Amino acid sequence: MRRISAVILCIFIFSCKSSKELTVTKGLVTDNAMVVSARSEASEIGAQILAQGGNAFDAMVATELALAVAYPYAGNLAGGGFMVYRLKNGEVGSLDYREKAPLASHKDMYLDSLGNVIPG
């Protein structure tokens, strides 16, 4: 099983572009909205959600899911982020939804008494 996992990992690594080859776009501006992300494909998906009647939060989730596929180097599903928003009524705010470890975690939690990694 480990051999198969290693082969799949190698195929994935060699099929990915190097970071020097990546082109990053700033965003997508439409008639009524702006969606900004690291990839135009993900921004387009967020804009489509808005065009279909979704709100900005729906578009954000769709954009982040698309980025997991189109730009996995920047993070993935279970990661976190930051958001600055303005609601329809003019209220503004921000949200920090960065990932956090549980309070009981510590730097040696996966090490045995000798400092070696606990298998599995």
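This one's a predicted model, so the numbers in the text were calculated from it and none came from an experiment.

Draft legend 1. Quick peek at the overall build of the protein chain. Helices and strands together make up the secondary structure of the protein chain, namely three helices and four strands. Split into buried and exposed, the 120 residues of the protein chain put 16% on the buried side. Contacts spanning at least 24 positions in sequence make up 22% of the contacts within the protein chain whose residues lie at least 6 apart.

Draft legend 2. The arrangement of the pairing of strand β4 (residues 92-96) in detail. Summarising burial for β4: zero of the five residues are buried, a small minority. Count of turn residues in the strand β3 (residues 82-86)/β4 antiparallel hairpin: five residues, of which G90 carries a positive phi of about 95 degrees.

Draft legend 3. Up close: the side chain of R39. Mapped onto the fold, R39 is located in the loop between β2 (34-35) and α2 (40-51). Among the polar contacts made by the side chain of R39, one reaches the side chain of E41 at a distance of 3.1 Å.

Draft legend 4. The environment of E99, seen in detail. Relative to the elements of secondary structure, E99 occurs in the segment after β4. A C-alpha to C-alpha distance of 5.9 Å links E99 and G79, two positions 20 residues apart in sequence.

Draft legend 5. Just the pairing of β3, in detail. In this structure, β3 lies alongside β4, joined through five bridges in antiparallel fashion. Within β4, the position partnered with V84 by the bridge is S94.

Draft legend 6. Inspection of the packing of α2 against helix α3 (residues 56-70) at higher detail. Direction vectors running N to C along α2 and α3 enclose 150 degrees, while the axes themselves pass 8 Å from each other. Relative to α3, α2 is oriented roughly antiparallel. The interaxial crossing formed by α2 with α3 has right-handed handedness. Contacts between α2 and α3 pair A42, S43, I45, G46, I49 and L50 from the former with A56, D58, A59, A62, T63, A66 and L67 from the latter. Tallied by class, the residues present in the contact of α2 with α3 amount to nine nonpolar, three polar and one charged.

Draft legend 7. Representation of the pattern of salt bridges. Inspection of the entire model under this criterion finds one salt bridge. Residues E41 and R39 are paired through a salt bridge, measuring 3.1 Å at the closest nitrogen-oxygen approach. Look at R39 and you get buried, because its relative accessible area is 15%.

Calculation notes
Residues numbered from 1 in each chain as written. Predicted model: local features only at pLDDT ≥ 70, side-chain atom pairs only at ≥ 80, totals over all residues. Heavy atoms only, no water. Helix = DSSP H or I, 4+ residues; strand = E, 2+ residues; numbered from the N terminus. Buried < 20%, exposed > 50% of the residue type's maximum accessible area, 1.4 Å probe, protein only. Contact = heavy atoms within 4.5 Å. Pairing = 2+ DSSP bridges. Polar contact = N/O pair within 3.5 Å; in protein donor to acceptor, adjacent residues only side chain to side chain. Axes fitted to C-alpha atoms, helices over the stretch in contact; angles between N-to-C directions. Parallel < 35°, antiparallel > 145°, perpendicular 65-115°, else oblique. Left-handed = near helix turned anticlockwise from the far one by under 90°. Nonpolar A, V, L, I, M, F, W, Y, C, P; charged D, E, K, R; others polar. Salt bridge = Lys/Arg side-chain N within 4 Å of Asp/Glu carboxyl O.

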